[in-house]
Amino acid sequence: MSAGLRVEKAGGRRLPWGPMARMAGRRTLFAIPVLLVVTFGVFAVADASPFDPVKAYTGGAGLTASQENLDQIRANLGVDRPLADRWWSWLTSALTGDLGDSSSLRQPVADAIAERVGWSVLLATTAFLVAVVLGTTLGVLAARRRGGWLDRAAGSAAYTLEAAPAFWLGLLAIWFFSLELGVLPAGGLTDTGSDVVTAGQVATHLVLPAAVLGVTQLPWFFLFVRQGVGDALDEDPVRGARARGLSERRVLLGHALRSGMLPALTLVGSRVPELITGALLVETVFSWPGIAAATVDAALAADFPLLAALTVLATAAVLAGNLLSDLLYGLADPRVGFDG
Amino acid sequence: MPSRSIRSRRTLRGLAAVGTAGALTMGAAACSTPGNDSGGADAGTSAVVGIAYEPETLSPLLGYGKDGNSKIFDGLLALDERMQLKPALAAALPDISADGLTYTYKLRKGVTFSDGKPFGAKDVVFTYRTVLDEKTNNPSRSELEAVKDIRATGDDTVVFTLKYPYAPFAQRTVHPIVPAHIASGQDANTGPFTSKPIGTGPYTLADWSRGEKISFKANPTYWGGKPAVERFTMAIIKDDDVRATRLRAGDLDGAILPPNLAKGFAGDKGKKTHTAKTYDYRTVTLPTHHRVTGDTAVRRALDVAVDRQTMVDRILEGAGKPAYGPVPTDSEWFTRGTERAHDLDAAKKILDEAGWKPGKDGVREKDGVRAEFPLWYLSGDKLRQDHALAYASDAKKAGISIKTQAGTWEVIEPRMKQDAVLAGGGSPADPDFDQYLLLTSSLAGDGFNNMAWYDNKTVDKALRQARESGDKAVRKAAYDTVQRELVKNPGYTFLTHIDHLYVVNDEWTGLSTQVEPHDHGLANGPWWNVQDWKPKK
């Protein structure tokens, strides 16, 4: 972990903007074929699914509708055309900024996303903060006394949580905190009787989903910090700091944590996919009105335009996360560089 | 005990609020749904009810509220508690020409939409024309297929011209009317009106959080007077147990519940159970194109082999009635004398006489064909599953082997021509609405209409006569013919009519239920007329 320390020492130097920008540019170019393949894949998978978009669109009324009426709606929705044709016309209009209309929400896709993305960001950010703060604290404490009771307890808890699916934790949390204790609302954004979104209402409704999503992200962060800080504690600079008579607290937080955190920080970006899949489950379980829950609904309703737009968004987030972690890694360890 | 838990809940919620307030400020500011102060939950002036189904849309142009009680909108006519038509946006019931082809409505004067703009004939014309436009994605358009033309004569009269005489047409004009000045300039399928509906109705939409709840606010300028229940929220809770739990916890003031869960509230003095009579039947389709179910003897045997009363007692826990046809036995349209008693010996006799002889394993055979067929039910639908299993077990006693199978509509639909399906249906407003689609031979296999491919010329003729004649006695005679034909050749085995149960806090007066259809969602239940509820003092 000496690489991390070198960066710290070089803290005052100018950042390598040029290579970083070139890397970002290369990655953006590389993203184009990825997005093409991903969007086509979404259309193909949705097309192959047994769910019929017209049946999903018409719901109960479809069971008494005439065949002619249903056929007309199929044509109006454009889902009677071949797969490649649908994908191409979606792509070309998406490039001009028109993401199409969501059939399940009966509104333009852009509006649907704009209404929801804020709530998803709020949930994901809160959950991530929970994971980072708790993970760091526990990781440092565990690393300080490796093999101690806290280390062993938190370690085994982390491995158990890593194996527990988010929806299962969510249902467990609802059962315990909402049904058994009755202290926190089970889902939604506001109480059932209130349709006004106040900060207090959202705060209470955010606790459970954010905690569950945070807890599912916690184990890896805890394990990385514990490992990083633990290794750093054995290294020369820490030994030197101790030899200089610095307080244990200063040694731990000022020296070991700073260098031990680096590998964990550089991996933050690569955790984006897991955060997204976690949000998919958590938003669904807690009826959180975000884009992840909308993705599930869109998939079930075979709502091609909405599903494609949301997948592009998720793919972009994953690619951006990878770019971020590579940039951070390049900064942290100059040997890696910005060639990827 | 309850009060203590509520207090501790508040404290903990308060603590939690402090904890997350920081992270919130940024996100909440960036998000939609602005609001004014949330008024305290004054007893009686706000109500929260739990329903099982969410409407796909709140735009009448796309099918919302087509059968009335849409809260946000009014139709020209409306149905009262006894299912009689009464004028709403029309000033009176329509004038119908002698040939039954022209319906003239005088409109109520002085009505405004909730945005303050006046309602007039152009709104009616716009609504019907848009629904009938094939570019509009309205799956219920065929319900108005009799309409040839609609036009306004003056600002307070609209005239419908029909393609053919259609006796129940006035029932269709409960269809909600949308404001032309708002909805006309935009895409009927995806425009902003679909999520921000505006109407003349007793309520305005406060918020629709999809999959979670729909909240309404009383319309202070409602032409029928401002409702006493000022805030009305419908929580969408698909799971029956969750709905019951939230009702018990006090989160809901009322909910629709299956009989076994409704029973749990029988001893609760603060709550009342309302039982709605319905046209909601469960039936087994006996496809004409299957060698066993297409045989009239098999159909008749099954019709008497099935023990309907036991299904009502065991599956519905008494909340329902045996069904002998699409018309429930307590309806004015029911044909007395068409009830069939459970008679296993009669069933065996019919099969014996028709040449269906018991084989080695007890399953009957005729000309090398075993008396067996598959019966599909919608997976996850416990009620249909129970009916299907009971039906199969009754049939087995008569020597007919039925293999029950669960599937989604995607799986079932392609098989409907050959395989039996446990289906549901029923529409109370007029017998034509359900029976014409269910039994007309030319609609066999048209979408989900006439799923059994029922083919009976006498029935076809009677159904046509009943929908065209404006004379109630002629119509009644025609529907009697249909019901008698269904005894002679039962292409469907009707099993039960199901009561719908609603448990509601006893805090209001004016609660009643209408006769309900198969699809009972937002528009049904004791809250069909929530605008007329008054808080109990």
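Residues numbered from 1 in each chain as written. Chains lettered and ligands numbered in written order. Predicted model: local features only at pLDDT ≥ 70, side-chain atom pairs only at ≥ 80, totals over all residues.

- As recorded by an unreviewed UniProt entry, chain B carries the name ABC transporter substrate-binding protein and is attributed to Streptomyces yaizuensis.
- Looking at chain B in UniProt, the text filed under Sequence similarities (unreviewed entry) is "Belongs to the bacterial solute-binding protein 5 family." (UniProt positions renumbered as here; feature names shortened; annotations may be inferred.)

Focus: the overall build of chain A
Working step 1: Helix and strand counts for chain A come out as 14 helices and two strands.
Working step 2: Projected onto its principal axes, the C-alpha coordinates of chain A cover approximately 85 × 55 × 35 Å.
Working step 3: When the 340 residues of chain A are sorted by exposure, 45% land in the buried category.
Working step 4: Sequence separation of at least 24 residues holds for 74% of the intrachain contacts in chain A that already meet a minimum separation of 6. (Helix = DSSP H or I, 4+ residues; strand = E, 2+ residues; numbered from the N terminus. Buried ≥ 20, exposed ≤ 12 C-beta atoms within 10 Å, placed from the backbone. Contact = placed C-beta atoms within 7 Å.)

A look at the overall build of chain B
Working step 1: Of regular secondary structure, chain B possesses 14 helices and 24 strands.
Working step 2: For 537 residues, the compact-globule formula gives about 24 Å, and the C-alpha radius of gyration of chain B, at 25 Å, lands near that figure.
Working step 3: Dimensions of chain B, computed from C-alpha atoms along their principal axes, come out at roughly 75 × 65 × 40 Å.
Working step 4: Residues counted as buried form 50% of the 537 residues belonging to chain B. (Rg over C-alpha atoms; globule rule 2.2 N^0.38 Å.)

With respect to the UniProt feature "domain: Solute-binding protein family" (unreviewed entry) in chain B
Working step 1: Under the local residue numbering, the UniProt record ascribes the feature "domain: Solute-binding protein family" (unreviewed entry) to residues 85-441 of chain B.
Working step 2: Here residues 85-441 of chain B is 25% helix and 24% strand, with 30 Å between the C-alpha atoms at its ends.

A closer look at the sheet that holds strand 14 (residues 320-322) of chain B
All names here are of chain B.
Working step 1: Taking strand neighbours across the sheet as the criterion, the six strands line up as 14-21-13-20-18-19 in an open arrangement whose pairing is mixed. Each having just a single partner strand, strand 14 and strand 19 (401-407) make up the two edges of the open sheet. Each strand of the sheet is rotated relative to its neighbour by a mean of 25 degrees, with strand direction disregarded.
Working step 2: Pairing between strand 14 and strand 21 (residues 492-498): three bridges, direction antiparallel. Each residue of the ladder has a partner; that of Lys321, found in strand 21, is His497. (Pairing = 2+ DSSP bridges. Axes fitted to C-alpha atoms, helices over the stretch in contact; angles between N-to-C directions.)

Re the environment of Arg364 of chain B
Residues and elements named next belong to chain B.
Working step 1: Relative to the assigned elements, Arg364 resides in strand 16 (residues 364-366).
Working step 2: For the pair Arg364 and Ala398, spaced 34 residues apart in the sequence, the C-alpha separation amounts to 8.6 Å.
Working step 3: With residues near it in sequence (within four places) discarded, Arg364 still touches Leu351, Trp356, Lys357, Pro358, Gly359, Ala371, Gly399 and Ile400.

Structural notes on the confidence of the model for chain A
Residue and element names in this part refer to chain A.
Working step 1: For chain A, per-residue confidence averages 83 on the pLDDT scale, and 95% of positions sit at 70 or higher.
Working step 2: Helix 4 (residues 67-77) holds the highest mean pLDDT among the elements of chain A, 90, whereas helix 1 (residues 2-9) holds the lowest, 44.
Working step 3: In this model residues 1-11 is a low-confidence stretch, pLDDT under 50, and it forms 18 contacts with partners more than four residues away in sequence or in other chains. (pLDDT = per-residue confidence, 0-100.)

Description of the pairing of strand 19 of chain B
Residue and element names in this part refer to chain B.
Working step 1: Bridge analysis of strand 18 (residues 372-378) against strand 19 gives seven bridges, and the strand direction is parallel. The residue of strand 19 that forms the bridge with Phe373 is Ile402.
Working step 2: Handedness of the strand 18-helix 10 (residues 382-397)-strand 19 crossover: right-handed. (Right-handed = clockwise from strand over helix to strand, strands pointing away.)

Things to note about the nonpolar core
Working step 1: Core analysis: the largest hydrophobic core is formed by 145 residues, its most contacted members being Ala301, Leu375 and Tyr391 of chain B.
Working step 2: Lining this core are residues from two domains, each supplying at least three of them: domain 1 (61-195) and domain 2 (281-498) of chain B.
Working step 3: Apart from the residues within four sequence positions on either side, Ala301 of chain B is in contact with Ala347, Ile350, Leu351 and Ala398 of chain B.
Working step 4: With 83 residues, the next largest nonpolar core counts Ala112, Leu122, Ala173 and Leu184 of chain A among its residues. (Core = buried A, V, L, I, M, F, W, Y, C linked by C-beta atoms within 7 Å. Domains from an automatic or database assignment.)

Observations concerning the packing of helix 2 (residues 17-48) of chain A against helix 5 (residues 83-95) of chain A
Residue and element names in this part refer to chain A.
Working step 1: At a closest axis distance of 10 Å, the pairing of helix 2 and helix 5 adopts a crossing angle of 140 degrees. Considering the angle they form, helix 2 stands oblique to helix 5. Note on packing geometry: the crossing formed by helix 2 with helix 5 is right-handed. Facing helix 2, whose interface residues are Thr39, Phe40, Phe43, Ala44 and Asp47, helix 5 presents Leu83, Arg86, Trp87 and Leu91.
Working step 2: Classifying every residue of the contact of helix 2 with helix 5 gives six nonpolar, one polar and two charged. (Parallel < 35°, antiparallel > 145°, perpendicular 65-115°, else oblique. Left-handed = near helix turned anticlockwise from the far one by under 90°. Nonpolar A, V, L, I, M, F, W, Y, C, P; charged D, E, K, R; others polar.)

Some words on the packing of helix 6 (residues 109-144) of chain A against helix 7 (residues 149-163) of chain A
Residues and elements named next belong to chain A.
Working step 1: Packing of helix 6 against helix 7 brings their axes to within 7 Å, and their N-to-C directions diverge by 135 degrees. Classified by the angle between their axes, helix 6 and helix 7 sit oblique to one another. In the packing of helix 6 onto helix 7, the handedness of the crossing is left-handed. The residues of helix 7 that touch helix 6, namely those facing Leu138, Leu141 and Ala142, are Leu150, Asp151, Ala154 and Gly155.

Focus on the pairing of strand 5 (residues 102-106) of chain B
Residues and elements named next belong to chain B.
Working step 1: Judged by which residues are buried, strand 5 turns out to be one-sided: Tyr103 and Tyr105 face inward and are buried, whereas Thr102, Thr104 and Lys106, on the alternate face, are not.
Working step 2: The pairing of strand 4 (residues 95-96) with strand 5 spans two bridges and is antiparallel. From the neighbouring strand, Ile96 faces strand 5, where its bridge partner is Tyr103.
Working step 3: Hairpin connection from strand 4 to strand 5: five residues lie between these consecutive antiparallel strands, with Gly100 at a positive phi of about 75 degrees.

Observations regarding the domain arrangement of chain B
Residues and elements named next belong to chain B.
Working step 1: One can read the domain layout of chain B as domain 1 (61-195) and domain 2 (281-498).
Working step 2: Of note, the centres of domain 1 and domain 2, computed from C-alpha atoms alone, are 35 Å apart.
Working step 3: Contacts between domain 1 and domain 2 engage eleven residues on the former and ten residues on the latter.

Here's the deal with helix 13 (residues 457-468) of chain B
Residue and element names in this part refer to chain B.
Working step 1: Between its first and last C-alpha, helix 13 extends 17 Å over twelve residues, near the 16 Å set by a 1.5 Å rise per residue.
Working step 2: Within the sequence span of helix 13, burial applies to Val459, Ala462, Leu463, Ala466 and Arg467. Along the axis of helix 13, the buried residues cluster in a sector spanning 125 degrees; they form a single face.
Working step 3: For helix 13, the secondary structure elements touched by its buried residues are helix 12 (431-439) and helix 14 (472-488). (Expected span 1.5 Å × (residues − 1). Arc of directions from axis to C-beta.)

Notes on the sheet that holds strand 15 (residues 357-358) of chain B
Working step 1: With antiparallel pairing, the three strands of this open sheet are ordered in space as 15-16-17 (chain B). Strands with a single pairing partner mark the edges of an open sheet, and in this sheet they are strand 15 and strand 17 (369-370) of chain B.

A few points about the environment of Gly62 of chain A
Working step 1: Tracing the backbone through its elements, the reader meets Gly62 of chain A in the loop between helix 3 (53-58) and helix 4.
Working step 2: Gly62 of chain A has contacts with Lys55 and Leu70 of chain A together with Pro139 of chain B, leaving out every residue within four places of it along the chain.

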